[in-house]
2 protein chains.
Amino acid sequence: MPRTSSRSRVTSHEVALKAGVSQSTVSRVFSGRAGLSQATRERVLAVARDLGYKPNAIARSLSTRRTRIVGLVSSHMTNPYFPTVLQAFTQRLHELGWKVLLLSAGKSEDVDELLPEVLAYQVDGLVIASGSHGRRMTQEAQRQGLPVVLFGRYALDSGVSAVSCANYEGGREVADAFLDAGHRRLAYVGGLEDTSTNLDRRRGFIERLAERGVSDCRVERGIFTYQGGYEAARRLLESPQPPDAIFCANDIPAFGVLDAARDLGVKVPEELSVIGFDDIPMAQWSGYSLTTVRQPVEAMIEASVGLLLEHIETPGAGSVVRFLPGTLVWRRSARLRR
Amino acid sequence: MPRTSSRSRVTSHEVALKAGVSQSTVSRVFSGRAGLSQATRERVLAVARDLGYKPNAIARSLSTRRTRIVGLVSSHMTNPYFPTVLQAFTQRLHELGWKVLLLSAGKSEDVDELLPEVLAYQVDGLVIASGSHGRRMTQEAQRQGLPVVLFGRYALDSGVSAVSCANYEGGREVADAFLDAGHRRLAYVGGLEDTSTNLDRRRGFIERLAERGVSDCRVERGIFTYQGGYEAARRLLESPQPPDAIFCANDIPAFGVLDAARDLGVKVPEELSVIGFDDIPMAQWSGYSLTTVRQPVEAMIEASVGLLLEHIETPGAGSVVRFLPGTLVWRRSARLRR
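Definitions and limits used
Residues numbered from 1 in each chain as written. Chains lettered and ligands numbered in written order. Predicted model: local features only at pLDDT ≥ 70, side-chain atom pairs only at ≥ 80, totals over all residues. Heavy atoms only, no water. Axes fitted to C-alpha atoms, helices over the stretch in contact; angles between N-to-C directions. Helix = DSSP H or I, 4+ residues; strand = E, 2+ residues; numbered from the N terminus. Parallel < 35°, antiparallel > 145°, perpendicular 65-115°, else oblique. Contact = heavy atoms within 4.5 Å. Nonpolar A, V, L, I, M, F, W, Y, C, P; charged D, E, K, R; others polar. Phe/Tyr/Trp six-rings, centres within 6.5 Å; stacked < 30°, edge-to-face > 60°. Buried < 20%, exposed > 50% of the residue type's maximum accessible area, 1.4 Å probe, protein only. Lys NZ or Arg CZ within 6 Å of the ring centre and 35° of its normal. Pairing = 2+ DSSP bridges. Polar contact = N/O pair within 3.5 Å; in protein donor to acceptor, adjacent residues only side chain to side chain. Disulfide = S-S within 2.5 Å. Salt bridge = Lys/Arg side-chain N within 4 Å of Asp/Glu carboxyl O.

Undergrad: Looking at this model, I keep getting lost on the packing of helix 3 (residues 23-30) of chain A against helix 4 (residues 38-51) of chain A. Mind explaining?
TA: Residues and elements named next belong to chain A. It is at 10 Å that the axes of helix 3 and helix 4 come closest, and there the two elements cross at 95 degrees. Relative to helix 4, the element helix 3 is oriented roughly perpendicular. Residues T25, V26, V29 and F30 of helix 3 lie in contact with helix 4, whose contacting residues are T40, R41, V44, L45 and A48. Tallied by class, residues from the contact of helix 3 with helix 4 come to six nonpolar, two polar and one charged.

In structure tokens:
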């Protein structure tokens, strides 16, 4: 096969000479950086092909000590929120000349199981986008001096940089929205117990209710799927004192809540207001039209990439936890202020 | 930083000696392969940390000429069908000791734009999961002797291996389902014009209708989003001769069709039957309950991974295009046979 026999024989210098460009132009073509004309790229690729030139990012990484690969560690990839994040991350890093090595835990697996491989692949930095866990991986990465940024959550006790939505404030804003619209029988349908997202949203919601004199709020715990939301809503709505407003920690269970209300003949928003959190694309679908707190995903990704590259360039500069505010997006699932 | 100063000083031999295991055990811990006790793994990791050992998969790849990385090329990652595929691929390759390097085109970008980088990263093989395009990348990979498998579509003129759902047969089955239920006013709401998936589903549907004497089928082209499906359904349902059965090339636009029907007061399935294709998780949500053709995703991934590894082990063994049958999953959105 040509791939084996011609490997490493031709140099980028020869390609540059024959294509009539500088060696750095050849290198820029193969590292995918911007700022070259289509014609130049095509010519370099054609010459490279003719000569059988094999660019080798891996060999290059041994001389520069940079792989220009960022590891993205995740679990729960089947959450519809995830592709948006993955897409934006990959695209942003790509624009900056970096690649993403995807390290994903299986359904039942802890992301910590991936630790040995993460270390073996010599990534330059790590973004951990898993909802929970990853404590050992984070500690080990720190010991190795490998830059890490937590995405979408934080761990104040770890000394690790993180970028998160301002979930506590988001929860408070939802409490105000419900109370301003005249709701008094409230419920919270919430996510995983060990995630900062869920805990902050719930705390913000319940504390703000209490500040405004509403101390009674029913809580359904550990709900983060459509089916879980559907069943929680049936329990709540068929109870003797059904709530007239439900705050869901995420959009996905909120869709389950809305479908349960529809199946039970409970009118939204006349008899029940529902507010979610995330603003995934489906929230605007006509069948749901979900009022929800939008996470500033683009800004969160921009901040995470910025932090990570900063940590890569300047090791030992200390950690940063950045909270970016969400926005309450009003649609038809919640009653407006009276 | 320890990461820089101690790099490459300690060998796996020293780690093995101190941990009291063989060198191959150390290598197995760091390549993430199965079959080691938790205790052994922990001990090796602890010793490696004490000694400041840096495993280096990349340096290793230069001696074995294998990176054990598979590039997964995709676009349109925001389709909810994608995370399921990505999750399963990553997990399956991970079980086999391989990693996934994710190469994703931006929203407006052709995946071919990624070509120089794909070549530079020296992946051992390539899975192209993009709905369309990628022709130049495929050709270039072939020229370089780099194994490629197309996932979810095929290109018979390219001589490249592929694994696809049997889309033509799926389309025929939907035609039979509609005709058996007594529908005669039919419409097809379809995907991208240059994808084998869309073309085969449409051809199967329309040819089977014709075989059974129904030559009239309205076609809405280029529809692959929720919004596109919603608008196409409004056009069709508000026309003088509205269809009573709509086959959507994918589930996502089918949800748009169902919401449009709901907004127009058209009863499903009494006045309109809708069938989709894919069976993404939302199809079973109570708000949609979509009858759809399920793609055998697990089997397709198993077949793709198998084919790719076969091509990596045995270069030049010829290409294979494998079609795996889908299954019509009946839910509430379509009328059953009378």
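Next comes the rest of the write-up.
Undergrad: Which parts of the structure should I look at to understand the packing of aromatic side chains?
TA: For any two aromatic rings, the description comes down to two numbers: the centre-to-centre distance and the angle of the planes. This structure, assessed with the given rule, holds 25 aromatic pairs over all chains. Arranged with centres 4.3 Å apart and planes meeting at 5 degrees, the rings of Y226 of chain A and W285 of chain B form a pair that is stacked. Remark: W285 of chain B occurs in the loop between strand 9 (273-278) and strand 10 (291-294) and Y226 of chain A occurs in helix 11 (residues 226-237); the pair is interchain, linking two chains. Here Y226 of chain A falls in the buried class, since its relative accessible area comes to 6%. The ring of F277 of chain A carries R201 of chain A above its face, with NZ or CZ at 3.7 Å from the centroid.

Undergrad: Teacher, can you tell me more about the sheet that holds strand 4 (residues 148-151) of chain B here?
TA: The strands making up a sheet are joined through hydrogen bonds of the backbone, oriented either antiparallel or parallel. Strand order in the open sheet formed by twelve strands is 11(A)-5(A)-4(A)-3(A)-1(A)-2(A)-2(B)-1(B)-3(B)-4(B)-5(B)-11(B), with mixed pairing between adjacent strands. With partners counted over all chains shown, the strands left at the sheet margins are strand 11 (321-324) of chain A together with strand 11 (321-324) of chain B, one partner each. For this sheet the average axis-to-axis angle between neighbouring strands, irrespective of direction, equals 20 degrees. For strand 1 (residues 69-74) of chain B and strand 3 (residues 125-128) of chain B, the ladder comprises four bridges, and the chain directions are parallel. Bridge pairing links V73 of chain B to I128 of chain B in strand 3 of chain B.

Undergrad: Whenever I open this one, the side chain of D278 of chain A confuses me. Can you help?
TA: All names here are of chain A. Relative to the elements of secondary structure, D278 occurs in strand 9 (residues 273-278). With a relative accessible area of 4%, D278 lands in the buried category. Only 2.9 Å separates the side chain of D278 from the side chain of Q295, close enough to count as a polar contact. Among all residues touching D278, those that are not within four sequence positions of it are Y81, R201, N250, D251, T292, V293, R294 and Q295.

Undergrad: Is there a simple way to think about the state of the cysteines in this case?
TA: Among covalent bonds in proteins, the disulfide is the one between the sulfur atoms of two cysteines. All names here are of chain A. For the coordinates displayed, the defined rule picks out zero disulfides over all chains. Looking at the unpaired C165, the closest cysteine sulfur is the one in C248, lying at 16 Å. For C248, a relative accessible area of 0% puts it in the buried group.

Undergrad: Can you help me understand the pattern of salt bridges in this one?
TA: For side chains of opposite charge, pairing can occur when their charged atoms come near one another. Within this structure, the stated rule accounts for 30 salt bridges over all chains. We note a salt bridge from R234 of chain B to E238 of chain B, for which the minimum N-O separation is 3.3 Å. Note on E238 of chain B: relative accessible area 52%, which makes it exposed. As a salt-bridge pair, R294 of chain B and D279 of chain B come within 2.7 Å of each other at their nearest N and O atoms. With R294 of chain B in strand 10 and D279 of chain B in the loop between strand 9 and strand 10, this pair connects stretches of sequence that are 15 residues apart. The network of salt bridges with shared partners includes R172, D176, D180, R208, E211 and R212 of chain A.

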